[in-house]
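Structural overview
Residue-level listing of the chains:
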Amino acid sequence: MNKRMQLYVLLALFFGPLLVAWIWFFQFESVRPGTVNNGELVEPVVPVGDLRLYPRDASGMIAPFADDWFVVIVAPQVCNERCERALYVTRQVWIRLNKDADRVQRVLLAGADVRFPAAEHRDLDVYDLDDNARARFTDSNRAELAGGERIYLVDPRGNLMMSYPMDFTPEMLSDDLKRLLRYSDAG
């Protein structure tokens, strides 16, 4: 085999797999990698880190969404069965996190007159939900977020990045949180 033929064989061995992979990726959509998350990604992310809220157990406004991961429950006007179930399930997911539980905070955003079983949720941070906060979490331009009866994930940078319906399963949230905490050095 002459030198020129050896060069062509060497180039084919190097560039051939790249060419096949490129053709395969762009011609066959079914083999493209997908996402593994269970929640719905909020695209683009909504910044809520600057949001100032009134905590129920203290005076003065604070900006609560920083430095940790947050599981946020936006309560409807009345904390009904679905709301109470969401509180219970998020508590169970938080307990499941075990050693990573200190990296995740549970938050309930509720109107001042919303009542919930506080004795059962001592680890829950409760903030009064005003119109500004509700608008941030329930962007009316996005049909999947409208209504506000959802569970949200806020990242340590203060960005609303994922949401779940109120009738989510514990495994959905638990799997996503464990994956996020495993690959995140923040929070």
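Residues numbered from 1 in each chain as written. Predicted model: local features only at pLDDT ≥ 70, side-chain atom pairs only at ≥ 80, totals over all residues. Heavy atoms only, no water.

Points about the pattern of salt bridges
For clarity, the threshold we go by: Note on definitions: salt bridges are taken to be side-chain nitrogens of Lys or Arg within 4 Å of carboxyl oxygens of Asp or Glu. Residue exposure (1.4 Å probe, protein chains only): buried if accessible area is under 20% of the type maximum, exposed if over 50%, otherwise partly exposed. Think of it this way: any DSSP run of H or I at least four residues long counts as a helix, any run of E at least two long counts as a strand, and we number them from the N terminus.
Tallying each qualifying case throughout the model produces four salt bridges. As a salt-bridge pair, R103 and D100 come within 3.7 Å of each other at their nearest N and O atoms. Among the residues examined, R103 registers a relative accessible area of 16% and is labelled buried. On the basis of relative accessible area, D100 is assigned to the partly exposed category, the value being 22%. Here R106 ties to D123 by a salt bridge, and the two come within 2.8 Å at their closest N and O atoms. Highlighted residues: R106 in strand β4 (residues 104-110) and D123 in the loop between β4 and β5 (124-128), separated in sequence by 17 residues. For D123, a relative accessible area of 23% gives the class partly exposed.

A few points about the sheet that holds β4
What holds strands together in a sheet is hydrogen bonding between their backbones, with the strands either parallel or antiparallel. Put simply, the rule is: Note on pairing: DSSP must find at least two bridges between two strands before they are called paired. Residues count as neighbours in contact if any of their non-hydrogen atoms are within 4.5 Å of one another. Fitting a line to C-alpha atoms yields each axis, with helices limited to the stretch in contact; the angle taken between N-to-C directions then spans 0 to 180 degrees.
As summarised here, the arrangement of the seven strands in space is β1-β7-β6-β3-β4-β5-β2, forming an open sheet in which the pairing is mixed. Edge positions in the open sheet fall to β1 (40-47) and β2 (54-55), since each of these has one partner strand only. Direction of pairing for β1 relative to strand β7 (residues 159-165): antiparallel, over a ladder of four bridges. Looking at the pairing, V46 lines up with L160 of β7. Together, β3 (69-74), β4, β5 and β6 (150-154) form the strand contacts of helix α2 (residues 81-96), whose direction differs from that of β4 by roughly 170°. This element, helix α4 (residues 170-183), spans β3, β4, β6 and β7 of the sheet and lies at about 155° to β7.

Some details on the environment of S184
Position of S184 among the secondary structure elements: in the segment after α4. For S184, a relative accessible area of 17% corresponds to the buried category.

Regarding the environment of L97
Mapped onto the elements of the fold, L97 is located in the loop between α2 and β4. Its relative accessible area of 6% is what places L97 among the buried residues. Along the sequence, L97 and S174 sit 77 residues apart, while their C-alpha atoms lie 7.6 Å from each other.

Some details on the confidence of the model for the protein chain
Note the threshold: Each residue carries a pLDDT value, the predictor's own confidence for that position, ranging from 0 to 100.
On average, residues of the protein chain carry a pLDDT of 80, and 86% of them reach 70 or more. Below a pLDDT of 50 lies the segment residues 143-147, which in the model reaches twelve contacts outside its immediate sequence neighbourhood of four places, other chains included.

Here's the deal with the packing of α2 against α4
For any two helices packed against each other, one specifies the crossing angle of their axes together with the interaxial distance. Put simply, the rule reads: Put simply, angles under 35 degrees are roughly parallel, angles over 145 are roughly antiparallel, angles from 65 to 115 are roughly perpendicular, and the rest are oblique. Left-handed describes a crossing whose near helix is turned anticlockwise from the far helix through less than a right angle; right-handed describes the clockwise counterpart.
One way to put it is that α2 packs onto α4 with a least axis distance of 9 Å and a crossing angle of 40°. Between α2 and α4, the crossing angle belongs to the class labelled oblique. For the pair α2 and α4, the crossing hand works out as right-handed. Along its contact with α2, which presents V89, T90, V93 and R96, the element α4 presents P170, E171, L173, S174, L177 and K178.

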